[in-house]
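Tertiary structure, described
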Amino acid sequence: VQLQASGGGLVQVGGSLRLSCAASGSFLSVEVMRWYRQAPGKERELVADITRGGSLNYAESVRGRFTISRDNVKNTVYLQMNSLKSEDTAVYYCDAAVLQYGSIRNNYWGQGTQVTVSS
């Protein structure tokens, strides 16, 4: 299973970016999809997650500014980031809880994508 993240970049304070992360490979379903971020010198933190059924969860720091969504047909998760702040600067990682054949559940990580918000 591979996760391919894209969409990072450089944006000014108050701007917007949309991240995407697509899962591919051999599996039955992608259950939970998550976005994490890690800023320099800080621990990785959960930004948002979404279940296959559409239940959402956000970190308090991004609630009302970020929107997570997913396309279950494409096995892709999105993170729409609006009203970006300098403190949103970080490497963003996607993570997926995958149900594989044999009822095996595993977590997979995508490569990080850099988001830099400049003032």
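The structure this text deals with has already been given above.
The notes below deal with the structure included here. (Residues numbered from 1 in each chain as written. Predicted model: local features only at pLDDT ≥ 70, side-chain atom pairs only at ≥ 80, totals over all residues. Heavy atoms only, no water.)

**A few points about the overall build of the protein**
This is how it is decided: Strands here are runs of E lasting at least two residues and helices are runs of H or I lasting at least four, both read from the DSSP assignment and numbered beginning at the N terminus. Our radius of gyration is a C-alpha quantity, and the globule rule it is checked against amounts to 2.2 Å times the number of residues to the power 0.38. Exposure classes here rest on a 1.4 Å probe applied to the protein chains alone. A residue is buried below 20% of its type maximum, exposed above 50%, and partly exposed in between. By definition in these notes, contact holds between two residues if any of their heavy atoms fall within 4.5 Å. To be clear on the numbers: accessible area is Shrake-Rupley with a 1.4 Å probe, and residue cover counts the displayed protein chains and nothing else. As used throughout, the charge tally considers Lys and Arg to be positive and Asp and Glu to be negative, leaving His and the chain termini uncounted. A charge is said to be at NZ when it belongs to Lys, at CZ for Arg, at CG for Asp and at CD for Glu.
Helix and strand content of the protein: zero helices and eleven strands. Beginning at the N terminus, the succession of helices and strands in the protein can be written as β-β-β-β-β-β-β-β-β-β-β. In summary, the protein has a C-alpha radius of gyration of 14 Å against a globular reference of 14 Å for 119 residues, a match within 12%. C-alpha extents for the protein along the principal axes are approximately 50 × 25 × 20 Å. Within the protein, the fraction of its 119 residues that count as buried is 44%. Sequence-distant contacts in the protein: of pairs separated by 6 or more residues, those separated by 24 or more amount to 53%. Total accessible area on the protein stands at roughly 6100 Å², and carbon and sulfur atoms take up 47% of it. Averaging the coordinates of the 12 positive side-chain charges in the protein and doing the same for the 9 negative ones gives two points 4 Å apart.

**Some details on the pattern of salt bridges**
Applied cut-off: Salt bridges are identified by distance alone: a Lys or Arg side-chain nitrogen within 4 Å of an Asp or Glu carboxyl oxygen.
Under the defined criterion, the tally for this structure stands at six salt bridges. With its nearest N and O atoms 2.5 Å apart, the salt bridge here joins Arg 34 to Asp 95. Of this pair, Arg 34 sits in strand β4 (residues 29-38) while Asp 95 sits in strand β9 (residues 90-100), and the two are 61 residues apart along the sequence. Of the two residues examined, Arg 34 and Asp 95, each falls in the buried class. As a salt-bridge pair, Arg 65 and Asp 88 come within 2.7 Å of each other at their nearest N and O atoms. Of the two residues, Arg 65 sits in the loop between β6 (56-58) and β7 (66-71) while Asp 88 sits in the loop between β8 (76-81) and β9, which places them 23 residues apart along the sequence. Of the residues examined, Asp 88 reaches a relative accessible area of 0% and is grouped as buried. One continuous salt-bridge network, built from bridges that share partners, spans Arg 37, Glu 45, Arg 65 and Asp 88.

**Concerning the packing of aromatic side chains**
The test is simple: Aromatic rings from Phe, Tyr and Trp, with only the six-membered ring used for Trp, were paired whenever their centres fell within 6.5 Å, and each pair was classed as stacked if the ring planes differed by under 30 degrees, edge-to-face if by over 60, and tilted otherwise. Our definition puts a charge over a ring when NZ of Lys or CZ of Arg is within 6 Å of the ring centre and also within 35 degrees of the ring normal.
Summed over all chains, the structure comprises one aromatic pair. With 4.9 Å between their ring centres and 50° between their planes, Tyr 36 and Trp 109 make a pair best called tilted. On the criterion of sequence distance, the pair formed by Tyr 36 in strand β4 and Trp 109 in strand β10 (residues 104-109) is long-range, its members being 73 residues apart. Residue classification places Tyr 36 among the buried residues on the basis of a relative accessible area of 19%. Across the ring face of Tyr 78, the terminal group of Arg 18 is positioned such that the distance to the ring centre comes to 4.1 Å. In this structure, Arg 44 packs its charged tip against the face of Tyr 93, placed 3.8 Å from the ring centre.

**Things to note about unusual backbone geometry**
The phi dihedral of Asn 75 falls on the positive side, at around 50°, and the residue is not glycine. Within the secondary structure, Asn 75 sits in the loop between β7 and β8. With relative accessibility at 15%, the residue Asn 75 sits in the buried group.

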